[in-house]
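# An overview of the molecular structure
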Amino acid sequence: MDDIDPLSRQLSAAVALWRSRNWPVGDVLLVGGSGLSVDLGEPIWGPTDLADVLPFASDAIVGHALSIEAMRAPSGGHVLFQRGRLHAYQGYSPAQVVFTVRLARLLGAHTLVVTNAAGGIYENARPGDLALICDHINFTGLNPLRGALPPEWGPRFPDLSCAYDADLRRRAREVAAAQGLELREGVYAGLLGPSYETPAEVEALRRLGGDLVGMSTVLEVIAARHMGMRCLGLSLVTNPAAGSPTGTLDHDDVLEVSLAVSDAVQKFLAALLDEAVVPGS
Ligand code: HPA
């Protein structure tokens, strides 16, 4: 019962491998959801297939390439950019889902920026809306901190009262305002998926305080906060939850909206990351 999870042990091997190859470390790990691409500045390493970094087999799903690369922001800070992620609905364990978050932290990253595609629960949600996540509700029934973990990683009962960093959110609002970009803010309800929600489920989530709904992010943020990282979450609303303009919802619609607004999202993230990674910030 008290044995440290084997995957947690494998992290030390992944850290050693990374260092032995002299791959760059980042100040920030950016995890990009469906179709997100960011051209942040000078590429300094990669892209490398995530399979070269993970000690277990990984599969991309449609619209989610799986790779990692490093970039130097104009401010001089380094960003590790993970394109695509592993989801619990694919069958990965919570420890597998958060493996790269822990790896980045052990390599020195102080900030996690997560983006995702989400359904909008709030009134008049429109495909293409961008929303800052101010808090989350973990409805997955999963937790990456279950079981024994190395005590030096963080406390047994970590506080999640400020899971999404208030200062980073303030900076995000400033960057958005400077770019004339409308930025909403709301509570992200994280579900296991992979089925989309029924209208009754969306109504239940709304009554429970959810503004956005998706199938990622919450496990990554829990693991990051446990290890003391600052977190920023950004949702790209691809559809009103449990309803799309065509009446039904499918993954292609989600990808199409991601692509349509990708330039604006990219410009916003580039400016924000440049600020967030200022060394010592
Ligand atoms: N529900 C869950 N996940 C999602 C949705 C949704 O409506 N849209 C994009 N990801």
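Just so it is clear, the structure is predicted and the values come from calculations on it, not from any experiment. (Residues numbered from 1 in each chain as written. Predicted model: local features only at pLDDT ≥ 70, side-chain atom pairs only at ≥ 80, totals over all residues. Heavy atoms only, no water.)

## As for the pattern of salt bridges
Condition: Criterion for a salt bridge: a side-chain nitrogen of Lys or Arg within 4 Å of a carboxyl oxygen of Asp or Glu. Put simply, DSSP marks the helices as runs of H or I at least four residues long and the strands as runs of E at least two long, and each gets a number from the N terminus on. Here the term buried applies to any residue with accessible area under 20% of the maximum for its type, exposed to any over 50%, and partly exposed to those in between, with areas from a 1.4 Å probe on protein chains only.
Enumeration over the complete set of coordinates arrives at 13 salt bridges. Between R83 and E69 there is a salt bridge, with its nearest N and O atoms 2.8 Å apart. Here the residue R83 occupies a position in strand β4 (residues 78–83), and E69 occupies one in strand β3 (residues 67–72), the gap between them amounting to 14 residues. The exposure class of E69 is buried, given its relative accessible area of 7%. If you follow the salt bridges from partner to partner, you end up with R126, D129, E182 and R184 in one network.

## Side note on unusual backbone geometry
Here the residue pair G46 and P47 is connected by a cis peptide bond, since its omega of 5° sits within 30 degrees of zero. In this structure, P47 sits in strand β2 (residues 42–49). Each neighbour pair has its own omega, and for G193 with P194 the value is 0°, a cis peptide bond. Residue N22 is not a glycine yet carries a positive backbone phi of 60°. N22 gets classed as exposed once you look at its relative accessible area, which sits at 66%. With phi around 75°, T217 is a residue other than glycine that occupies positive phi space. Mapped onto the elements, T217 comes out in the loop between β8 (212–214) and α6 (218–226).

## Some points on the site of the ligand
Our working definition: For this purpose, a residue is taken to be near a molecule or strand whenever a single non-hydrogen atom of the residue falls within 4 Å of it. Nitrogen and oxygen atoms within 3.5 Å of one another constitute a polar contact, given that in protein one can donate a hydrogen and the other can accept it, and given that sequence-neighbouring residues count only through two side-chain atoms. Throughout this entry, Asp, Glu, Lys and Arg are counted as charged residues, while Ala, Val, Leu, Ile, Met, Phe, Trp, Tyr, Cys and Pro are counted as nonpolar. The remaining residues, Gly among them, count as polar.
Residues in close proximity to the ligand total twelve residues, the closest being A117, G119, E197, T238 and N239. Within the backbone of A117, a nitrogen or oxygen atom sits 3.4 Å from a nitrogen atom of the ligand. For the ligand, a nitrogen atom lies 3.5 Å from a polar atom in the side chain of T238. Breaking the shell around the ligand down by element, the ones donating at least two residues are β5 (111–120), β8 and β9 (230–240). The element contributing the most residues to the shell around the ligand is β5, with three residues. Partitioning the shell around the ligand into residue classes produces seven nonpolar, four polar and one charged.

## A closer look at the packing of helix α4 (residues 166–178) against helix α8 (residues 262–276)
Heads up, the rule is: Angular values range over 0 to 180 degrees, each being the angle between N-to-C directions of two axes fitted as lines to C-alpha atoms, with helices fitted over their stretch in contact. In these notes the angle categories are as follows: under 35 degrees is roughly parallel, over 145 is roughly antiparallel, 65 to 115 is roughly perpendicular, and the rest is oblique. With the far helix as reference, a near helix turned anticlockwise by less than a right angle produces a left-handed crossing, and one turned clockwise produces a right-handed crossing. Any two residues whose heavy atoms approach within 4.5 Å at even a single point are treated as in contact.
α8 packs onto α4 with a crossing angle of 135° between their chain directions and a minimal axis gap of 10 Å. Our classification of the angle between α4 and α8 gives oblique. Between α4 and α8 lies a crossing whose hand is right-handed. Counted together, L168, R171, A172, V175 and A176 of α4 and F268, A271, L272, E275 and A276 of α8 form the full contact between these two elements. Broken down by class, the residue content of the contact of α4 with α8 amounts to eight nonpolar, no polar and two charged.

## Description of the pairing of β4
The condition that has to hold: Here, strands pair whenever DSSP counts at least two bridges between them.
Pairing of strand β1 (residues 28–32) with β4 involves five bridges; the strand directions are parallel. The residue of β4 that forms the bridge with L30 is F81. In this antiparallel pair of consecutive strands, β3 and β4, the connection spans five residues, and G76 shows a positive phi of 105°.

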